[in-house]
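A structural walkthrough
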Amino acid sequence: MILPSRTLQIPAADGLADAFAAFPDDGGQHPGVLMYPDAFGIRPVVREMARELAGHGYCVLVPHFFYRHGPAPVVELPEYIGEDVRPALIAQLMPLIEAHTPERIARDAETYLGFLTAQPEVGAGPVAVTGYCIGGLLALHTASAHPGRVAAVAGFHGPVSAGGSENLHAFLSRITARVHLGHAESDLTPEALGELNQALDAAGVDHTSEIYPGTVHGFTMADTDAFDAAALRRHWDRLLPLLGRTLTSG
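A few points on the structure. (Residues numbered from 1 in each chain as written. Predicted model: local features only at pLDDT ≥ 70, side-chain atom pairs only at ≥ 80, totals over all residues. Heavy atoms only, no water.)

1. Side note on the nonpolar core
For clarity, the cut-off: Residues belong to a common nonpolar core when they are buried Ala, Val, Leu, Ile, Met, Phe, Trp, Tyr or Cys residues joined through side-chain atoms within 4.5 Å. Here the term buried applies to any residue with accessible area under 20% of the maximum for its type, exposed to any over 50%, and partly exposed to those in between, with areas from a 1.4 Å probe on protein chains only. Working rule for contacts: check all heavy atoms of both residues, and any pair within 4.5 Å makes them a contact.
The biggest cluster of nonpolar side chains holds 54 residues, and the ones touching the most others in it are Y36, L61 and L172. Apart from the residues lying within four places of it in its own chain, the contact partners of L172 are A199, L200, A203 and V205.

2. Points about the packing of helix α3 (residues 102-118) against helix α4 (residues 134-145)
Formally: Only the contacting stretch of a helix is used when fitting its axis, a line to C-alpha atoms as for every element, and angles between N-to-C directions run 0 to 180 degrees. The secondary structure listing takes helices from DSSP runs of H or I that are at least 4 residues long and strands from runs of E that are at least 2 residues long, numbered from the N terminus. Working rule for angles: under 35 degrees goes down as roughly parallel, over 145 as roughly antiparallel, 65 to 115 as roughly perpendicular, anything else as oblique.
Packing of α3 against α4 leaves a shortest axis separation of 9 Å and a crossing angle of 75°. Of the possible angle classes, the one that applies to α3 and α4 is roughly perpendicular. Listed contacts from α4 to P102, I105, A106, A109 and L113 of α3 are L138, H141, T142 and A145.

3. Observations regarding α4
Selection criterion: One less than the number of residues in a helix, times 1.5 Å, gives the span that helix is expected to have.
If you check α4, its first and last C-alpha atoms are 17 Å apart, about what twelve residues at 1.5 Å a residue would give, namely 16 Å. In terms of residue burial, α4 counts as a mostly covered element, since ten of its twelve residues are buried. Within α4 the residues assigned to the buried category are I134, G135, G136, L138, A139, L140, H141, T142, A143 and S144.

4. Here's the deal with the pairing of strand β5 (residues 127-132)
Put simply, side chains in a regular strand alternate between the two faces of the sheet. Heads up, the condition is: When DSSP finds at least two bridges between two strands, those strands are taken to pair. Orient the strands so they point away from the viewer, and a crossover whose first-strand-to-second-strand path over the helix runs clockwise is right-handed.
With respect to burial, β5 is a largely interior element, six of its six residues being buried. Pairing of strand β3 (residues 32-36) with β5 involves four bridges; the strand directions are parallel. Within β5, the residue paired with V33 across the bridge is A128. One ladder, built from six bridges, connects β5 with strand β6 (residues 150-156); its direction is parallel. Residue pairing in the sheet places G131 in a bridge with G155 of β6. Crossover β5 to β6 through α4 is right-handed.

The structure is reproduced here in structure tokens:
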């Protein structure tokens, strides 16, 4: 099945943001999902994941959140991202990641949410936000900055922990969405997971947060050497019920 999809440009705070959108093929209105990719950005594997999610009845928007630094992709990517090229790519991307401040994230999120919900294919009501790697952190920031507009958040192998932020409780306590976090085993120890989950509990966040066994950072991305097919299936097994519980079809 070939689903409707298109490449878009979103008028954003500091320029035009490239984006990819995928929609169900029945011509009706459906709930919206804002999908943040990993730092490598919009590319074939991400487009395929957006199409797969659209096939389950959601309108999916994938923004290029590094648009201030040029159109996607901002770094030249090989077809397969292995350990031989990963360090150099990350070194190129790290200044962009560090420049992507919480203020920029919140301002851009408002733009992306407004653009998504204005699409004729998107029904009324709150949306979901999902993200991968740094996109998982952006998803949480979006839910924290815009709680009334986001009903569900899912983040996978994201840089999320209870350490390093004195304002973590305030940040989390603004989230009213249901949350699922799927962590890579290489990213978070069981002790760190416990600390994070205690922080989520203390902030009153309705959540599930777990380590996916045997995984390394980036496990959902099939074009990298971190890919784990079983963990990707687990990701869908967690994500789809979360969306089904929180979003209403049009």
